[in-house]
Amino acid sequence: MKITKITRLAAMAAAVLALSACHNELDNQADDKVNTAKQITFKVNFEDYNADEEVQGTRTLAPDTLSKQVIDLDNNLLAEVSIQRDTTKADNTTTRALSNGTYTMLAYQGSTLKAEVTGTVNNGEFYVTGNPMVLAPGTYDFVLYSDLTRSGNTFIVDRSNMSNAQIGRTTGVVITSQLETQEVVFNLKHLGARMKIKLTGYMPYPAMSATLSSVNATSVPNQVVYDAVADSWTGYTHAALSENCTFPANNTWVEGNMHGGVEGAYQDINYPSLTNDYFYFLPTTDASKLELTFHSGKIYRADFANHNASLTLAPNPAVVMQNNGSYIINVKLRPNYLYLMNDGSTDFINATQYTRLRKSDGTPLYRDKLGHVLASPKVPIGLVVSQSRRLAAALNEVAGGRIELYTGPYIHPFNYKYYGDGTHAFWPNWSELAAMIQDMDGYRYTWEASGSADGTTIKANQPTLYPAFYRAAHYREELQNSGVTLTGTMATANWYLPSTGEMYLFAVASGFSDGTQASEGTNYKWASSAFYLDLIDLGITPPGIHGYWTSTEFFESFGGKVRCGDVWFLDGNIAFSASNYRTWVRPFVKF
């Protein structure tokens, strides 16, 4: 009996010893210190860029867009610059690459470093690769970081390693030897910020090269000291920045609608190109201290190889980059159109009430093409389609919608000259059109008796017989009746129905047509959106899919009605044809 009791007591003692051994193995210390490798699981979350940013816009800026500015590049180009948050998410490959690095974990009590270990991250957990971190019970702040140079409690953070540097802080963690398991979570953030540049044109363009640089030698932060205990940045130093970038070509025309469509509708046809790589910056970098200079590439007949174009990324309001922030700089290159003004002068949009310039108090600043500040704005009434010919097209069509060209009995010819040999029906072929676009006699057809076949009829004075000619010829009165005050040469200038050749000059000036044929019909490639965006800036609704009369006569085999050339604005192309139906009128004027 005694032997049995002794045996039981021995068994119980062995069990107690075994439990005590298990507990000591968990704590790994006889003095109540905690082996964190055994007692604490360190979870690691890799925060994506902009993960903690609230996406918002303003009444004038779209969501994600932080600021916007329009810059005159002084070579008949405008650059609309905006900055937005980059919503690109890291893919699995990028996350795996980040987790494959070497990480260092620090444990602080107040400002005192208590322990330091290195390790790796696998499946979202930090694993020590050397001796474990052993800590006494207490309250700790933990720091986990990679790709940074540390000296004591501070890190020397350099712009050159901002692409990989990450850090995470978890504060107020209470460790006690009574806990058998515990979890500490790190949210690793990028210490720096990154930026890509997106170029958008409104016609195709080849590859373009540029340089992103600082506006001076001290405008961009280059190095800073980060205090892991205080979570603060001090001791910024600055240096010059100059990095090359390339925008891949986007040189295939989008022809859009080739066969008409819903009248008045139009597409926003644009040609984007994004830099392949990111630029990396330290926090507090002010985007307005950066300058983009184009060195090669062509768009809207501007050749950057011959005339470099620089623009300061000076959006309004200013954007200061934050750590873990990712940004896209949008640079939209647009033509700076030359307009005919109500006083007979020619100028750019900044001379009008639609100026993009502002005084220091935020009120509009009007400046003419010579740089003179104007007391009051000019009124744009036409688009200059040829400076050498001093020729402009009305910004608006005449009121009233579709108008008939001619209402009398069939006559041929009714102009002093015509195109086509009458061997085929309806509209010209390419060879006939090639001749028609050389016709520059719209004024003569409208206002001179010699422009008519009978040598006596002045179509500008025939409201019933030649409605389209009459309405074009009396557009001056229409402008005045709408409240536009005409002075100088415009007070007496005669508007008229343009010829096919003059409408072709309009296609060249407004949509940068280079005579390249579209894939179908008698159509030319035409950068419709470039022109339409400027009309919108002038408060004018783009015509979209729309047809216009010309005064050039075309002789076709079907007969029975007078037929003249007409021009159709389509998406990405402009179609030249001929018609005997009602259509719209866009007058021209010589200034």
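Note that the structure is predicted; figures quoted are calculated from it, not measured.

Rules of the game
In this convention, every chain numbers its residues from 1, walking through the sequence in written order. Confidence filtering applies because this is a predicted model: local features only for residues at pLDDT of at least 70, side-chain atom pairs given and counted only at 80 or more, and all residues used for totals across whole chains, interfaces and linings. Hydrogen atoms and water are omitted, and side-chain values are computed over all heavy atoms in the structure. The secondary structure listing takes helices from DSSP runs of H or I that are at least 4 residues long and strands from runs of E that are at least 2 residues long, numbered from the N terminus. For every residue, the accessible area obtained with a 1.4 Å probe (protein chains only) is divided by the maximum for its type, and the residue is called buried under 20%, exposed over 50%, and partly exposed between those limits. Residues are treated as being in contact if the distance between any of their heavy atoms lies within 4.5 Å. Using the Shrake-Rupley algorithm and a 1.4 Å probe, accessible areas are obtained, with residue cover drawn only from the displayed protein chains. By convention, a stacked pair of Phe, Tyr or Trp rings (six-membered ring in the case of Trp) has centres within 6.5 Å and planes under 30 degrees apart, an edge-to-face pair has planes over 60 apart, and any other such pair is tilted. Look at NZ for Lys and CZ for Arg. If either is within 6 Å of the ring centre and within 35 degrees of the ring normal, a charge sits over the ring. Any two strands with at least two DSSP bridges between them are considered paired. Helix axes are fitted to C-alpha atoms over the stretch in contact, other axes to C-alpha atoms as well, and angles between N-to-C directions run from 0 to 180 degrees. For this analysis, a polar contact is any N or O atom pair within 3.5 Å, provided that within protein one partner can donate a hydrogen and the other can accept it, and provided that sequence-adjacent residues contribute only side-chain to side-chain pairs. Per residue, pLDDT measures the predictor's confidence, with a range of 0 to 100. Remark: nonpolar core denotes a set of buried residues (Ala, Val, Leu, Ile, Met, Phe, Trp, Tyr, Cys) joined through side-chain atoms within 4.5 Å. Expected span of a helix: the number of residues minus one, times 1.5 Å.

## Details of the overall build of the protein chain
- When you go through the protein chain residue by residue, the secondary structure sums to nine helices and 37 strands.
- Expressed as a percentage of its 591 residues, the buried residues of the protein chain come to 49%.
- Within the protein chain, contacts between residues at least 6 apart in sequence are counted, and of these 71% link residues at least 24 apart.
- Surface accessibility of the protein chain: about 26,300 Å² in total, with carbon and sulfur atoms responsible for 49%.

## Remarks on the packing of aromatic side chains
- Under the counting rule described, the total for this entry stands at 35 aromatic pairs.
- Consider the rings of Phe-42 and Phe-186, whose centres lie 6.2 Å apart with planes at 25°: the pair is stacked. One end of the pair, Phe-42, is in strand S2 (residues 40–46); the other, Phe-186, is in strand S13 (residues 182–190), with 144 residues separating them in the sequence. Phe-186 carries the same exposure label as Phe-42, and that label is buried.
- Every member of this aromatic cluster is reached through a ring pair, and the members are Tyr-266, Tyr-300, Tyr-337, Phe-506, Phe-512, Trp-526, Phe-531, Tyr-532, Tyr-548 and Phe-569.
- One Lys or Arg, Arg-194, reaches over the ring of Tyr-278 and ends 3.9 Å from the middle of that ring.
- The lysine or arginine in question, Lys-196, covers the ring of Tyr-278, its NZ or CZ lying 4.8 Å from the ring centre.

## As for the sheet that holds strand S18 (residues 242–247)
- Spatially, S18-S15-S21-S24 is the arrangement adopted by the four strands of the open sheet, whose pairing is antiparallel. Looking along the sheet, the strands with just one partner apiece sit at the ends: S18 and strand S24 (309–312). On average, each strand axis in the sheet is tilted by 25° relative to the strand beside it, whichever way the strands run.
- Summarising the sheet, strand S21 (residues 290–296) and S24 pair through four bridges and their orientation is antiparallel. Bridging from a neighbouring strand, Phe-294 pairs with Ala-309 of S24.

## As for the pairing of S13
- Residue alternation in S13 divides its side chains into a buried set, Gln-182, Val-184, Phe-186, Leu-188 and His-190, and an unburied set, Glu-183, Val-185, Asn-187 and Lys-189.
- Where S2 and S13 come together, seven bridges link them in parallel fashion. Within the sheet, the bridge partner assigned to Val-44 lies in S13 and is Phe-186.

## A word on the environment of Phe-281
- Take Phe-281: it is sitting in strand S20 (residues 279–281).
- Of the residues examined, Phe-281 reaches a relative accessible area of 0% and is grouped as buried.
- Along the sequence, Phe-281 and Asn-161 sit 120 residues apart, while their C-alpha atoms lie 9.3 Å from each other.
- With sequence-adjacent residues up to four places away left out, Phe-281 is seen in contact with Arg-159, Met-162, Gly-192, Ala-193, Met-195, Leu-212, Val-220, Leu-241, Leu-290 and Met-321.

## A closer look at the side chain of Asn-50
- In this structure, Asn-50 sits in the loop between S2 and strand S3 (65–72).
- Only 3.0 Å separates the side chain of Asn-50 from the backbone oxygen of Asp-86, close enough to count as a polar contact.
- Dropping the residues within four chain positions of it, Asn-50 is found in contact with Arg-85, Asp-86, Asn-324, Gly-325 and Ser-326.

## Structural notes on the confidence of the model for the protein chain
- Chain-level statistics for the protein chain give a pLDDT mean of 87 and a share of 88% at 70 or above.
- With pLDDT under 50 throughout, residues 1–28 is counted as low confidence; its partners more than four residues away or in other chains account for 13 contacts.
- In this model residues 54–63 is a low-confidence stretch, pLDDT under 50, and it forms twelve contacts with partners more than four residues away in sequence or in other chains.

## Remarks on helix H9 (residues 528–537)
- Counting buried residues along H9, seven of its ten residues qualify, which places the element largely inside the surrounding structure.
- Among the residues of H9, Ser-528, Ser-529, Ala-530, Phe-531, Tyr-532, Asp-534 and Leu-535 are the ones counted as buried.

## Thoughts on the nonpolar core
- With 116 residues, the main nonpolar core has Met-195, Leu-292, Phe-294, Leu-311, Leu-333 and Phe-506 as its most contacted residues.
- Broken down by element, this core gets its largest block of residues, six residues, from helix H8 (residues 500–511).
- Excluding residues that lie within four positions of it along the chain, Leu-311 makes contacts with Ile-71, Leu-73, Ala-79, Val-81, Leu-290, Glu-291, Leu-292, Phe-294 and Val-331.
- In terms of nonpolar packing, the next biggest core, distinct from the first, is built from 21 residues, Phe-42, Val-44, Met-105 and Tyr-140 among them.

## As for H8
- Taking 1.5 Å as the rise per residue, H8 with twelve residues should run 16 Å; its terminal C-alpha atoms sit 16 Å apart, in good agreement.
- Within H8, eleven of the twelve residues are buried, which leaves it mostly tucked inside the rest of the structure.
- Within H8, the full set of buried residues consists of Thr-500, Gly-501, Glu-502, Met-503, Tyr-504, Leu-505, Phe-506, Ala-507, Ala-509, Ser-510 and Gly-511.

## Let's talk about the sheet that holds strand S37 (residues 588–590)
- Across the sheet, six strands lie side by side as S27-S26-S30-S31-S37-S32; this open sheet has antiparallel pairing. Of all strands in the sheet, those bounded by a partner on one side alone are strand S27 (346–347) and strand S32 (495–496).
- Note: S32 against S37, two bridges, orientation antiparallel. Across the sheet, Trp-495 pairs through a bridge with Val-589, a residue of S37.

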